[in-house]
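# Reading the structure
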Amino acid sequence: GTILYTVCESLRAIAALYAAIMPRACAQLWSEIGAAESGLTLGLDDVARWGQLTPGVTVTKGEPLFPRIKTES
């Protein structure tokens, strides 16, 4: 559980930092890791403060953030 929480907290910080250049992907990631459920808003406020996600939130598996581009070989 600790490892998964640490990964989600890292993804929370990454999503907040990259939201300006990848808004759709970061908003999707934000929702999937349970940050919205924790009452957090996507932005740079307190991005460096660790432990903002509520323990026990639901992490969901969604569509791929960056799907493969199919090319003909």
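In this text the structure is predicted, and so the values were computed from the model without any measurement.

A few words now on the nonpolar core. Judged by nonpolar contacts, the single largest core of 13 residues is most densely connected at Ala15, Trp30, Ile33, Ala35, Leu40 and Leu53. Elements represented by at least two residues in this core include exactly helix H1 (2-18) and helix H2 (23-32). Per element, the largest residue contribution to this core is four residues, and it comes from H1. Leaving out residues up to four positions away in the same chain, tryptophan 30 has contacts with Arg12, Ala15, Ala16, Ala35, Ala36, Leu40, Thr41 and Leu42.

It is worth spelling out H2 at this point. Within H2, the full set of buried residues consists of Ala25, Cys26, Leu29, Trp30 and Glu32. What you see down the axis of H2 is that its buried residues fit within an arc of 170°, all on one side. Exposed residues on H2 whose side chains face more than 90 degrees from its buried face are Pro23 and Arg24.

Here is what the cut-offs are and how they apply
- Residues numbered from 1 in each chain as written.
- Predicted model: local features only at pLDDT ≥ 70, side-chain atom pairs only at ≥ 80, totals over all residues.
- Heavy atoms only, no water.
- Core = buried A, V, L, I, M, F, W, Y, C linked by side-chain atoms within 4.5 Å.
- Buried < 20%, exposed > 50% of the residue type's maximum accessible area, 1.4 Å probe, protein only.
- Helix = DSSP H or I, 4+ residues; strand = E, 2+ residues; numbered from the N terminus.
- Contact = heavy atoms within 4.5 Å.
- Arc of directions from axis to C-beta.

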